[in-house]
Amino acid sequence: EELLKAIWHAFTALDLDRSGKVSKSQLKVLSHNLCTVLNVPHDPVALEEHFRDDDEGPVSNQGYMPYLNKFILEKVHGNFDKVEFNRMCWTLCFKKNLTKSPLFISDEDAFKVWVIFNFLSEDKYPLVIVPEEIEYLLKKLTEAMGAGSHQEQFEHYKISLGLSAWELIEFIGSGQFSKGMDRQTLSMAVNEVFNELILDVLKQGYMLKKGHRRKNWTERWFVLKPNIISYYASEDLKDKKGDIVLDENCFVESLPDKDGKKCLFLIKCLDKSFEISASDKKKKQEWIQAIQTTVSLLRVGSPPPHKEARQKRKELRQKLQAEQEELERQMKELQIANENKQEELETVRKQLEEAAARASVEEKKRLQTQMELQDRFSLELEREKMVRQQMEEQVAQKSSELKQYLQRVRELEDMYKELQEALEDEKQARQDEETVRKLQARLLEEESAKRAELEKWHLKQQQTILMTEAEKQELETQRIIKERALQVAMQQLEQLELERKQALEQYEGVKKKLELAANKTKSWKDKVAHHEGLIRLIEPGSKNPHLITNWGPAAFTEAELEQREKSWKGKKATSE
């Protein structure tokens, strides 16, 4: 995540139009530089293969991330210079983002503040540093400048929202919080905080070290880190003289003064032991305590104190945020519950007021009714005898009505039976109607067949007219025979027509029976409705009469059949 933060700054700096995309040529240069500073073998072919479908247009950050993770970040093993890596990313982005107004700090100090920002910022993009981490950084800088830290000192610089890296650099570079301090003091404070938070320097300073071969004492600049103590010729860290590798088996102990050297202590490792002399007892105790703390952290596998503190602060912020969200949720629920309770109380109050009003009205009515009852009580006593007589008369009348009601029930039962018989008659009439319809359809089919046969004969007669004169006499004889057959067919057709009319008359008779049955049903329905609706009739659906032809029901009307008959007779007369 910390590597991605610096790379994100470099990527956004290359995104000149702020569209979230960078050209492939720029990404090639960025990838090559990243591989160089991270000591990772660069594979330019992999980049071309990864973006082979997007040769012309720019490449988005989301498209570059899979390549960055797979071909660069996954191959990083930690054997690289973090400062050089950050400096490369800083070089790409600082000129574009820093304003041209002069700052109270140098470019090198601004670079260190930028790296500290990446360490303390949240793991969300765009990157910001929250107010709690800003206050933590300002306290560290103030303590490093030797001014001491007080809570009221930072109240003036309380920031409600987070700052970006460039806003933080401008804030610290403006010198607002470091008033009274010179540029060199602020630079030293930034460097000290940078060494502690970024380079994991737990403690550093000059001490004397006893040599292993010459046994002479030489002043060295010692730098304590989480797993190693490096010592240099001077504090510029250019001439490194050696390392003391720390592990869980190392320990440190105080030594008595000897050989004219005071404030001695011994660092004992598996293969070597190192005698060191501090400048005073306070420095000696601080170094012993720092080394013992470092070895203890190595034994339990804990991260450096400042990283552990940052993680705890982040977890605390997350916990507070979750508690705040939970509190807001509970407050909303309580507010909703309170509103609902207020509505319920208002409803209850209105109900109580309405109940009180109703009770008052009821009380008035009750008093009025009581007065009326008292007034009428005397009249009721006098009327009691009359009421008894009326009740006896009503009992006799009710007995008579009961007998009449039973008689009416018996009549309705008889009516129900008769109604069932009428329904049976209606069903039989429907069956007769269906039979007549089928007979009519059969007659129409026969009529159609006869007409077709007559039309064929008519066509044959027309063909015979075109024959030669020699054939006319013979055909005349045949025509006479066919004419007779035609007359016989016409007689049969008239007979069929007569039968069809008879079928229609039968159909009309059945229809009248059906209407009579329906009228009976209607009359029974009126009777039942007159007798208090004890029985609900089942009425047959209304049906209009339909004609049946050989093409199916309702294929031709009577007018169409008559028109066809006239046309056929006209053709026959023409042929004759």
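You'll find the structure just up there.
Residues numbered from 1 in each chain as written. Predicted model: local features only at pLDDT ≥ 70, side-chain atom pairs only at ≥ 80, totals over all residues. Heavy atoms only, no water.

What about the overall build of the chain?
A count of helices and strands for the chain gives 13 helices and 11 strands. Across the 576 residues that make up the chain, the buried fraction comes to 33%. Within the chain, counting contacts between residues at least 6 apart in sequence, those at least 24 apart form 63% of the total. (Helix = DSSP H or I, 4+ residues; strand = E, 2+ residues; numbered from the N terminus. Buried < 20%, exposed > 50% of the residue type's maximum accessible area, 1.4 Å probe, protein only. Contact = heavy atoms within 4.5 Å.)

Quick look at a negative patch on the surface
Together, Glu411, Glu413, Asp414, Glu418, Glu421, Glu424 and Asp425 make up a negatively charged patch on the protein surface. Mapped onto the elements, glutamate 424 comes out in helix H11 (residues 305-465). (Patch = residues over 30% accessible without salt bridge, like charges linked within 9 Å, V, L, I, M, F, W, Y side chains within 5 Å. Areas by Shrake-Rupley, 256 points an atom, 1.4 Å probe, with all protein chains shown as cover. Salt bridge = Lys/Arg side-chain N within 4 Å of Asp/Glu carboxyl O. Lys, Arg positive; Asp, Glu negative; His and termini not counted. Charge placed at Lys NZ, Arg CZ, Asp CG, Glu CD.)

Digging into unusual backbone geometry
Look at the link from tyrosine 125 to proline 126: it is a cis peptide, with omega at 0 degrees. If you trace the backbone, proline 126 turns up in the loop between helix H6 (107-120) and helix H7 (131-144). A positive phi is found at asparagine 39, a non-glycine position, where the angle reads about 60 degrees. Phi at leucine 237 is positive, roughly 65 degrees, even though this residue is not glycine. Mapping leucine 237 onto the fold places it in the loop between strand E5 (228-232) and strand E6 (240-245). Leucine 237 gets classed as partly exposed once you look at its relative accessible area, which sits at 39%.

Some thoughts on the sheet that holds strand E4 (residues 217-225)
Judged by pairing direction, the sheet is antiparallel, and its 7 strands sit side by side in the order E6-E5-E4-E3-E9-E8-E7 without closing on themselves. Strand pairing shows two members of the sheet lacking a second neighbour, E6 and strand E7 (251-255), which therefore form its edges. Ignoring strand direction, the axes of neighbouring strands in this sheet form an average angle of 35 degrees. (Pairing = 2+ DSSP bridges. Axes fitted to C-alpha atoms, helices over the stretch in contact; angles between N-to-C directions.)

Comments concerning the environment of glutamine 407
One can find glutamine 407 in helix H11. Within polar-contact distance, the side chain of glutamine 407 engages the side chain of arginine 410 at 2.6 Å. (Polar contact = N/O pair within 3.5 Å; in protein donor to acceptor, adjacent residues only side chain to side chain.)

Concerning the pattern of salt bridges
Counting across every chain of the model gives 31 salt bridges. Among the ionic pairs, lysine 140 bridges to glutamate 196, the shortest N-O distance being 2.9 Å. Of this pair, lysine 140 sits in helix H7 while glutamate 196 sits in helix H9 (residues 183-197); the two residues are 56 residues apart in sequence, bridging distant segments of the chain. Exposure remark for lysine 140: the relative accessible area of 17% places this residue in the buried category. Across the pair glutamate 401 and lysine 398 runs a salt bridge whose closest N-O atoms are separated by 3.8 Å. Of the two residues, glutamate 401 and lysine 398 are both situated in helix H11; the distance of 3 residues between them amounts to about one turn of the helix. The exposure class assigned to lysine 398 is exposed, which follows from its relative accessible area of 56%.

A word on the nonpolar core
The biggest cluster of nonpolar side chains holds 67 residues, and the ones touching the most others in it are Leu34, Tyr64, Phe85, Trp90, Trp114, Trp166 and Ile169. In terms of residue count, H6 provides more of this core than any other element does, 9 residues in total. Among residues more than four places away in sequence, those in contact with tryptophan 114 are Ala6, His9, Asn86, Cys89, Trp90, Cys93, Ala165, Trp166 and Ile169. Core analysis: the next-biggest nonpolar cluster, separate from the first, contains 21 residues, Cys250, Phe265, Trp287 and Ile291 among them. (Core = buried A, V, L, I, M, F, W, Y, C linked by side-chain atoms within 4.5 Å.)

Details of H6
An ideal rise of 1.5 Å per residue puts 20 Å on 14 residues; H6 measures up with 20 Å between its terminal C-alpha atoms. Turning to H6, its buried residues are Asp109, Ala110, Phe111, Lys112, Val113, Trp114, Val115, Ile116, Phe117, Asn118, Phe119 and Leu120. Buried residues belonging to H6 abut helix H1 (2-14), helix H5 (82-97), H7, helix H8 (165-173), H9 and H11. (Expected span 1.5 Å × (residues − 1).)

Remarks on the packing of aromatic side chains
Scanning the model with the defined rule gives 11 aromatic pairs in all. Taken together, the ring pairs in this structure connect Trp90, Phe94, Phe111, Trp114, Trp166 and Phe194 into an aromatic cluster. The cationic tip of arginine 310 hangs over the ring face of phenylalanine 119; the distance from NZ or CZ to the ring centre is 4.2 Å. (Phe/Tyr/Trp six-rings, centres within 6.5 Å; stacked < 30°, edge-to-face > 60°. Lys NZ or Arg CZ within 6 Å of the ring centre and 35° of its normal.)

Thoughts on a nonpolar patch on the surface
The grouping of Leu327, Met331 and Leu334 at the surface amounts to a nonpolar patch, some 310 Å² of accessible area in total. When you line up the elements, leucine 327 lands in helix H11. Taking the relative accessible area as the measure of exposure, leucine 327 reaches 43% and is therefore partly exposed.

Description of the packing of H1 against H6
Remark: H1 packs on H6, axes separated minimally by 9 Å, with the N-to-C direction vectors making an angle of 125 degrees. Considering the angle they form, H1 stands oblique to H6. Relative to H6, the crossing made by H1 is right-handed. Contacts between H1 and H6 pair Glu2, Lys5, Ala6 and His9 from the former with Trp114, Phe117, Asn118 and Phe119 from the latter. Its residues assigned to classes, the contact of H1 with H6 comprises 4 nonpolar, 2 polar and 2 charged. (Parallel < 35°, antiparallel > 145°, perpendicular 65-115°, else oblique. Left-handed = near helix turned anticlockwise from the far one by under 90°. Nonpolar A, V, L, I, M, F, W, Y, C, P; charged D, E, K, R; others polar.)

Overview of the side chain of lysine 203
Mapped onto the elements, lysine 203 comes out in strand E3 (residues 203-210). Judged by relative accessible area, which is 17%, lysine 203 ranks as buried. Side-chain polar atoms of lysine 203 contact the side chain of glutamate 286, separated by 3.0 Å. When neighbours within four sequence positions are excluded, lysine 203 is seen to be in contact with Phe222, Val223, Leu224, Glu286, Trp287 and Ala290.

Overview of empty space enclosed by the protein
According to the stated counting rule, one finds 2 cavities of 30 Å³ or more in the structure shown. Each pocket or cavity is described by its volume, and for the largest cavity that value is around 50 Å³. Every residue along the wall of the largest cavity is listed here: Lys460, Gln461, Thr464, Leu475, Gln478, Arg479 and Lys482. For the lining of the largest cavity, the secondary-structure elements that each account for two or more residues are H11 and helix H12 (469-530). A total of 4 residues in the lining of the largest cavity trace back to one element, the largest contributor, which is H12. Of the residues belonging to the lining of the largest cavity, the class tally is 1 nonpolar, 3 polar and 3 charged. (1 Å grid on protein atoms, 1.4 Å probe; cavity = no way out; pocket = protein on both sides within 12 Å on 5 of 7 lines; lining within 4 Å. Points joined across faces, edges and corners; volume = space filled by probe spheres on them.)

Don't take any of this as a statement about function, it's just geometry.
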